[in-house]
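Structural overview for review
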Amino acid sequence: MGRRSRGTVRSSVRVFVIEETDEDQSGPDGPGPRSHGEVPDGAAPVQGAGVGRVPQVGAGDEPRVDERPARRRWSRRARLLVGAGVSVVALLAVGGVVRGEMNESARVERVVAAGGIRPLGPEVGVRWRIEPGASGDDDSGWWLSPVVVDGTLVVPGSPAVGYDPTTGRELWRGAPRPESDTARVTTGCTGTGTRAEQEDPLVCTTFELRSVPTDGATFEQSLPVRIDVMVAATGEVTGSRTFREGTQGAAVFDDGVASVRWGDDGHVVVDLEDLATGELRWSREIDEDRGNGPGEDYLGLQDGGSVLMVAVAGRLVTLDAQGRTVDEAEDSWTSPLRDGLAVVQHPDGASTVLDPGGAELFRTRGTVQEFAVTDGGPSRVFLVTEGGGVMDESGNIEPPRTTALDAATGRTRWSADGVSAPVAQVGEVGILSEAGRLRAVDLGSGRRLWESSDLLAYSSAYTDGTDLYLVGTSAGGGTRITAVSVDSGQELWSSDLTDLFVWGASARGTLVVATDDGTLLGIG
């Protein structure tokens, strides 16, 4: 990928020499321009030392000392042509600069919309700080991460609070959640998408946390009791409703709210209600008998992008947007991919990639992985790694090999020995990690472009479309941010912050970091 210069434009100018006299300038023989060889006043011409002819000095005339021919005036047409040319050159230069700045701005906004961040420099630091408990919540919902919905950073809790991720300023504060005398209560929020940058409306679900016994232990199950549909930018509540008794799981799916419960006959019932109106779209019954043992009556839901995953007592049932069972995903695990796609991981180790409508695009051996960090361009390839730990019938272990599959067709583009994990896709460059060592390849051919000389320890990666930023824990127990050139792999700079990094996310182009004590930091 060619590194894009920022704010510079190269211009080429071709210069023309225009030599012309006024059409109305008259000579001794009438109108018209005078020829180069014409001699004034009838003097005899002689060859001078210079180039061309010079007039002979007549008797009685004063000698002319170093007399040079008068510079001829430019014609009106010549002046107009030159003026127009200068204006065009100036307009091209100014227009090129403006166009370059507009293209650069559009490129950055495309990267930001894809979950990227704005460029950082070695002077990077903390721009704003949100202390833990700023929402008035205790630690009962520590596992519920903040979410970015239509550019607003929403921190779940009682109440949920919306912040401007660029400045850290509080935008709105919701109503406190209802209390319960029988269980702890917490609130989680999400948008209608499955990626980091989610869309309106904002949906905040209130859960009761109840202890559920299992074999020799207990675990805490979150049971949904209420949802509030809100506008992310303002916190305005546009709808609220309470789930029926016995609801065990809920998820936002296909612009609706899906819920799962045990029916009166002991079978599983999944309902999908319209997110805006609460109207029931469909209700499906899954033929699964309710068990009596510990954990055998557990139910759960998860949005899988184009499909809805229903957890029923240790197995998964996958439904499409119309509530129909997806046979390819039966007894398998489904995960969302970029661009509305999904991947189904089968028990035999194979994977099926589904289109946004839930139809099969292709099936392949191994686990399909995508580049979660991109510059906003479409997915070029998926990576699949096979071997490395799988013993065949002869007792041999096949060496690992990574294959790049075309994201649209599943056809093999290239393959390489070893295990390569996808890190970032920037243009036609793919950055891979091999046990902590980064290398870049051409996504079309697999040709190696560069490889880092040192191992780089990091927890998460981000891009501004030109450089790669690695964020992790520093040797001193704080947060280290390292910038790496996508073009060359060169480490450009690194900077340490005192706060301890736990996880990070991109919010409207700002790097947001959570620390070990729950503090949120805006990095810039």
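Here is what the cut-offs are and how they apply
Residues numbered from 1 in each chain as written. Predicted model: local features only at pLDDT ≥ 70, side-chain atom pairs only at ≥ 80, totals over all residues. Heavy atoms only, no water. Helix = DSSP H or I, 4+ residues; strand = E, 2+ residues; numbered from the N terminus. Contact = heavy atoms within 4.5 Å. Areas by Shrake-Rupley, 256 points an atom, 1.4 Å probe, with all protein chains shown as cover. Core = buried A, V, L, I, M, F, W, Y, C linked by side-chain atoms within 4.5 Å. Buried < 20%, exposed > 50% of the residue type's maximum accessible area, 1.4 Å probe, protein only. Salt bridge = Lys/Arg side-chain N within 4 Å of Asp/Glu carboxyl O. Polar contact = N/O pair within 3.5 Å; in protein donor to acceptor, adjacent residues only side chain to side chain. Phe/Tyr/Trp six-rings, centres within 6.5 Å; stacked < 30°, edge-to-face > 60°. Pairing = 2+ DSSP bridges. Disulfide = S-S within 2.5 Å.

**What to know about the overall build of the protein**
Check the secondary structure of the protein and you find 1 helix and 41 strands. Counting contacts in the protein only where the partners sit at least 6 residues apart, residues at least 24 apart contribute 43% of the total. Surface exposure of the protein reaches about 27800 Å², of which carbon and sulfur atoms provide 50%.

**Remarks on the nonpolar core**
By size, the foremost hydrophobic cluster in this structure holds 17 residues, and its most contacted members are Val260, Val268, Val270, Leu301 and Val310. The set of elements that each furnish at least two residues to this core consists of strand 15 (249–253), strand 16 (256–262), strand 17 (268–274), strand 18 (280–286), strand 19 (299–303), strand 20 (308–312) and strand 21 (315–319). If we ignore the near neighbours within four places in the chain, the residues touching valine 260 are Gly246, Thr247, Gln248, Gly249, Val268, Val269, Val270, Leu299, Gly300, Leu301 and Val310.

**Points about the pattern of salt bridges**
Under the defined criterion, the tally for this structure stands at 19 salt bridges. In this structure, the salt-bridge partner of aspartate 499 is arginine 129, at a minimum N-O distance of 3.2 Å. You can see aspartate 499 sitting in the loop between strand 38 (491–497) and strand 39 (501–507) and its partner arginine 129 sitting in strand 5 (residues 126–130), a full 370 residues away along the chain. In this structure, aspartate 164 and arginine 508 form a salt bridge, with 3.3 Å as the shortest nitrogen-oxygen distance. Note that aspartate 164 is positioned in the loop between strand 8 (161–163) and strand 9 (170–173) and arginine 508 in the loop between strand 39 and strand 40 (510–515), a separation of 344 residues in sequence. Judged by relative accessible area, which is 11%, aspartate 164 ranks as buried. Take arginine 508: its relative accessible area is 30%, and that puts it in the partly exposed class. Look at the salt bridges and you will find they share partners, linking Asp254, Asp274 and Arg281 into a network.

**Some details on the side chain of threonine 247**
Within the secondary structure, threonine 247 is located in the loop between strand 14 (237–242) and strand 15. Looking at threonine 247, its side chain comes within polar contact range of the main-chain oxygen of arginine 244, at 2.9 Å. Ignoring sequence-local partners within four residues, the contact set of threonine 247 consists of Leu223, Pro224, Ser259, Val260 and Arg261.

**Structural notes on the packing of aromatic side chains**
Taken as a whole and judged by the stated rule, the model has 2 aromatic pairs. With a centroid separation of 6.5 Å and 35° between ring planes, the pair formed by phenylalanine 362 and phenylalanine 382 is classed as tilted. With phenylalanine 362 in strand 25 (residues 360–365) and phenylalanine 382 in strand 28 (residues 381–386), this residue pair connects regions lying 20 residues apart in the sequence. Each member of the pair, phenylalanine 362 together with phenylalanine 382, is buried. Between tyrosine 469 and tryptophan 493 the ring centres are 6.2 Å apart and the planes differ by 50°, which places this aromatic pair in the tilted class. In this pair, tyrosine 469 is assigned in strand 36 (residues 467–473) and tryptophan 493 in strand 38, connecting sequence segments 24 residues apart. Judged by relative accessible area, tyrosine 469 falls into the buried class, the value being 1%.

**Some remarks on the sheet that holds strand 32 (residues 429–434)**
Here 5 strands make up an open sheet; going across it, the order is 27-31-32-33-34 and the pairing mixed. Edge positions in the sheet fall to strand 27 (373–374) and strand 34 (448–451), since each of these pairs with one other strand and no more. As paired elements, strand 31 (residues 421–426) and strand 32 share 5 bridges and run antiparallel to each other. The residue bridging alanine 421 from the neighbouring strand is serine 433, located in strand 32.

**A closer look at the pairing of strand 31**
Note on strand geometry: in a regular strand, side chains alternate between the two faces of the sheet. Counting buried residues in strand 31 gives 5 out of 6 residues, a clear majority hidden from the surface. Here 2 bridges tie strand 27 to strand 31, and the two strands are oriented parallel to one another. If you follow threonine 374 over to strand 31, its bridge partner there is glutamine 425. Linkage of strand 31 to strand 32, two consecutive antiparallel strands, is achieved through a turn of 2 residues, within which glycine 427 is found at a positive phi near 65°.

**Focus on the state of the cysteines**
By the definition in use, this model includes 1 disulfide. Through a disulfide, cysteine 189 is tied to cysteine 204; the S-S separation comes to 2.2 Å. Around the S-S axis, the bridge from cysteine 189 to cysteine 204 shows a dihedral of about 105° and counts as right-handed. Here the residue cysteine 189 occupies a position in strand 10 (residues 184–190), and cysteine 204 occupies one in strand 12 (residues 202–214), the gap between them amounting to 15 residues. Take cysteine 189: its relative accessible area is 10%, and that puts it in the buried class.

**Describing the side chain of threonine 482**
Here threonine 482 is to be found in strand 37 (residues 479–485). For threonine 482, a relative accessible area of 9% puts it in the buried group. Among all residues touching threonine 482, those that are not within four sequence positions of it are Leu468, Tyr469, Leu470, Glu491, Trp493 and Ser494.

**Some words on the environment of leucine 456**
Along the chain, leucine 456 falls in the loop between strand 34 and strand 35 (460–463). Residue classification places leucine 456 among the buried positions, given a relative accessible area of 19%. In this structure the C-alpha to C-alpha distance between leucine 456 and threonine 482, which are 26 residues apart in sequence, comes to 9.0 Å. Residues contacting leucine 456, with those up to four places away along its chain left out, are Gly436, Leu438, Leu470, Val484 and Glu491.

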